[in-house]
Amino acid sequence: MTVMPAMLLTLLSVLINVVAIPVAIATDAPETAILVQALIQTLVNFYGLFFILGLLTAITEWDQIHCVWYKKVLYLFTFPVFMLSYVPIAIIALFKKVEWKPIKHSVVRTLDEVRSNEAA
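Residues numbered from 1 in each chain as written. Predicted model: local features only at pLDDT ≥ 70, side-chain atom pairs only at ≥ 80, totals over all residues. Heavy atoms only, no water.

A closer look at the environment of Leu55
- Among the secondary structure elements, Leu55 is positioned in helix α2 (residues 32-60).
- In the structure, Leu55 is positioned 17 residues away from Lys72 in sequence and 9.7 Å away in space, judged by C-alpha atoms. (Helix = DSSP H or I, 4+ residues; strand = E, 2+ residues; numbered from the N terminus.)

Remarks on the nonpolar core
- Val14, Ile21, Ala24, Leu35 and Leu39 together form the largest nonpolar core, which totals five residues.
- Of all the elements, helix α1 (residues 5-26) adds the most residues to this core, at three residues.
- Leaving out residues up to four positions away in the same chain, Leu35 has contacts with Asn17, Ala20, Ile21 and Ala24. (Core = buried A, V, L, I, M, F, W, Y, C linked by side-chain atoms within 4.5 Å. Buried < 20%, exposed > 50% of the residue type's maximum accessible area, 1.4 Å probe, protein only. Contact = heavy atoms within 4.5 Å.)

Quick notes on the packing of helix α3 (residues 69-84) against helix α4 (residues 86-95)
- Contact pair α3 / α4: the axes reach a minimum separation of 5 Å and the direction vectors enclose 20°. As summarised for this structure, α3 and α4 are arranged roughly parallel, according to the angle between their axes. Mapping the contact onto sequence places Phe82, Met83 and Leu84 in α3 and Tyr86, Val87 and Pro88 in α4.
- A per-class count over the contact of α3 with α4 returns six nonpolar, no polar and no charged. (Axes fitted to C-alpha atoms, helices over the stretch in contact; angles between N-to-C directions. Parallel < 35°, antiparallel > 145°, perpendicular 65-115°, else oblique. Nonpolar A, V, L, I, M, F, W, Y, C, P; charged D, E, K, R; others polar.)

As structure tokens, then:
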């Protein structure tokens, strides 16, 4: 999902509108309302796109998602917000040098243990 051009285009649209709105307000341009509407529409479209992607994933993988049904539905609505958090991460990743460090994993759980916690 992080390589989807939709995210880059959304970011570019938001950036252009965030810069253009104060300029339009300062110059008393009549297009200010249109710019605000475009910004809101961009964010709504971003949310809608990722909601649909999450919905398709949830439908096709419903039985493989190990949690109760109401959490699955809740996660559908929070998934677009989670994906929005990738925007600053993706920007920082372009410029920051990454140093990989191993992560020690000391907890071992079986698939049956994970499935027994579904009701929790």
